[in-house]
Amino acid sequence: MSFNIALSGVSAAQKDLDVTANNIANVNTVGFKESRAEFGDVYAASLLSGGKTKVGDGVLTQEVAQQFSQGSLQFTNTALDLAITGNGFFTTIPEITSRDFSFTRAGQFKLDSDNFVVNSNGDNLMGFPVNSDGTSSSVALSTTVPVRIPDSSGSPQQTSEVDIRMNLPAGDAALNPADFNPDDPLTYNAATSVTVYDSLGDSHVMTYYFIKDGTPGVSNEWFVATAVDDTLVDMTDSNGLDTDPATAVNAVGANTGNAVTASKLIFSQGGDFINMETPDGLPTLDFKMQTEALGATILSNGSDPTQQIGIDFNLDVNGATPNEPTQFASAFEVTSLEQDGLPVGRLTGIDIGPDGLVRATFSNGTSEPIVRVALVRFSNEQGLTQESSTQWKESILSGEALAGEATTGTFGEINSSALEQANVNLTTELIDMIIAQRNFQANSRALEVNNSLNQTILNIR
């Protein structure tokens, strides 16, 4: 009996050494969780045996228990390196169409040939679909989708409004608006340009020409004519009112064949803006001018020919504002000229927030939420079934996987450009190895003594 007891001790010491060696071997494995060998004594007694003199029957390995303590973070330069600080796990699947979920703490992710985010095994990282504002449309594990970084361009946005702030020189000579010719700088007082965009993201140059009205009896009044890619376009006020440039008395450039409907700025003697009119004399209500549809003659690339662009002069019917046009005795100056269009954008970077939101940034200055990295947690982490490549499977002991967003509950948060190192304390493992070695030697000695006793008995004559 003592021989079997010593043999169980040797087996237990060997198991302890195996566990310790495995921990040491994985000290540099990202996301690895150390294990601990847990033992229990073996004691068996029959109903009528003398319990006071009964000796135990040795030792038994009860469990190799995983220890899910937090590992330290190692920071990297790769945005797709992810680490969790908290109790969550990443979710992966072996292929796009599979729903065979595995769970891991190892966040060494990269892009495959189809721009899906995968780990070193080629398993796809899963995430929650998101709305345009970045909120998750669902946080159920069954609705997760493979995380994919788009290779498409950022969508363009056609210009709908131009915001302009300026000073028109009060001392400039007045000109005859009918003589206006955009090709002759002597027929207008000042000009400025801004790049605008059509529905396809192509750029166009929109130019504003300012002509001080020299009509007899008129003072402090200016016409504003507009051209897109050197082609004059008609203007209409905020209510859609327009004057046919062929019959308008105030049509700018009427004597040169370049007649075009223009907006009119009227200043008081002191230089403050007091009104703005279209050539038919009807004042605008919201003090914004709108170009007529740019038309196929300008937008010949297949973009929206009905595009219209509003011009905001920053006026307020209730009183003067610091941003409205002025007519002071100083040079022509544009203090602000902005438009709301965007060209086509190329993907320039990926940002992953602590809440797992993956956002793509584009060269046109826009950003777009793509997906949110999904996290799961378990009621009993130690009940997970361990697999290779630092992955686990759900089991009856672990309970069902509970999905959720990072930074909520106990899921923890996601750290981009970081990896969770193994939670193995090398010093402790080396000490445990010495203890296991000592136990192995002691139980081996017990076997040797038992063997000697057996030999002694067998040699009795």
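Note that the coordinates shown come from a computational prediction; the quantities given were computed from them, not determined experimentally. (Residues numbered from 1 in each chain as written. Predicted model: local features only at pLDDT ≥ 70, side-chain atom pairs only at ≥ 80, totals over all residues. Heavy atoms only, no water.)

*Asks:* Could you give an account of the overall build of the protein chain, with specific residues and numbers?
*Replies:* Helix and strand content of the protein chain: 2 helices and 30 strands. Considering only intrachain contacts with a sequence separation of at least 6, the fraction spanning at least 24 residues in the protein chain is 65%. As displayed, the protein chain has an accessible area near 22500 Å², and 50% of this comes from carbon and sulfur atoms. (Helix = DSSP H or I, 4+ residues; strand = E, 2+ residues; numbered from the N terminus. Contact = heavy atoms within 4.5 Å. Areas by Shrake-Rupley, 256 points an atom, 1.4 Å probe, with all protein chains shown as cover.)

*Asks:* Please provide a residue-by-residue account of empty space enclosed by the protein, values included.
*Replies:* Under the definition given, this model contains 1 cavity of 30 Å³ or more. Approximately 40 Å³ is the volume found for the largest cavity. Lining the largest cavity are Leu80, Leu82, Val117, Leu125, Val147, Ile149, Ile352, Val358 and Val373. Tallied by class, residues from the lining of the largest cavity come to 9 nonpolar, no polar and no charged. (1 Å grid on protein atoms, 1.4 Å probe; cavity = no way out; pocket = protein on both sides within 12 Å on 5 of 7 lines; lining within 4 Å. Points joined across faces, edges and corners; volume = space filled by probe spheres on them. Nonpolar A, V, L, I, M, F, W, Y, C, P; charged D, E, K, R; others polar.)

*Asks:* I'd love a proper account of the environment of Thr91, names of residues and values included.
*Replies:* Along the chain, Thr91 falls in strand S5 (residues 89-93). By relative accessible area, Thr91 is classed as buried at 0%. Counting along the chain gives 50 residues from Thr91 to Leu141, while the straight-line C-alpha distance between them is 8.9 Å. Every residue in contact with Thr91, bar those within four places of it in the chain, is listed here: Phe101, Ser102, Phe103, Asn124, Leu125, Met126, Leu141, Ala374 and Val376. (Buried < 20%, exposed > 50% of the residue type's maximum accessible area, 1.4 Å probe, protein only.)

*Asks:* Quick rundown of the packing of aromatic side chains? Include the residues and the values.
*Replies:* With the rule as written, the count across this model stands at 10 aromatic pairs. Look at Tyr188 and Tyr209: their rings are 5.0 Å apart centre to centre, the planes differ by 70 degrees, and that puts the pair in the edge-to-face class. With Tyr188 in the loop between strand S11 (161-167) and strand S12 (190-197) and Tyr209 in strand S13 (residues 203-212), this residue pair connects regions lying 21 residues apart in the sequence. Judged by relative accessible area, Tyr188 falls into the buried class, the value being 15%. Geometrically, the ring pair formed by Phe210 and Phe332 is tilted, given 5.5 Å between the ring centres and 45 degrees between the ring planes. Taken together, the positions of Phe210 in strand S13 and Phe332 in the loop between strand S20 (310-312) and strand S21 (333-339) put the pair 122 residues apart, joining distant regions of the chain. (Phe/Tyr/Trp six-rings, centres within 6.5 Å; stacked < 30°, edge-to-face > 60°.)

*Asks:* Account for unusual backbone geometry, with residues named and values stated.
*Replies:* In this structure, Asp230 is a non-glycine residue whose phi angle is positive, near 70 degrees. Here Asp230 is to be found in the loop between strand S14 (221-228) and strand S15 (231-233). In this model, Thr407 sits at a positive phi of 75 degrees, which is unusual for a non-glycine residue. Looking at the element boundaries, Thr407 is found in the loop between strand S28 (402-404) and strand S29 (413-416).

*Asks:* Give me the pattern of salt bridges: which residues, what numbers.
*Replies:* In total, this model carries 8 salt bridges according to the counting rule given. Residues Glu420 and Lys33 are paired through a salt bridge, measuring 2.5 Å at the closest nitrogen-oxygen approach. Residue Glu420 is located in strand S30 (residues 418-420), and its partner Lys33 is located in the loop between helix H1 (2-25) and strand S1 (35-42); the two are separated by 387 residues in the primary sequence. Under the relative-accessibility criterion, Glu420 is labelled buried at 0%. Overall, the relative accessible area of 1% leaves Lys33 in the buried class. Each of Lys33, Arg105 and Glu420 takes part in a single network of salt bridges with overlapping partners. (Salt bridge = Lys/Arg side-chain N within 4 Å of Asp/Glu carboxyl O.)

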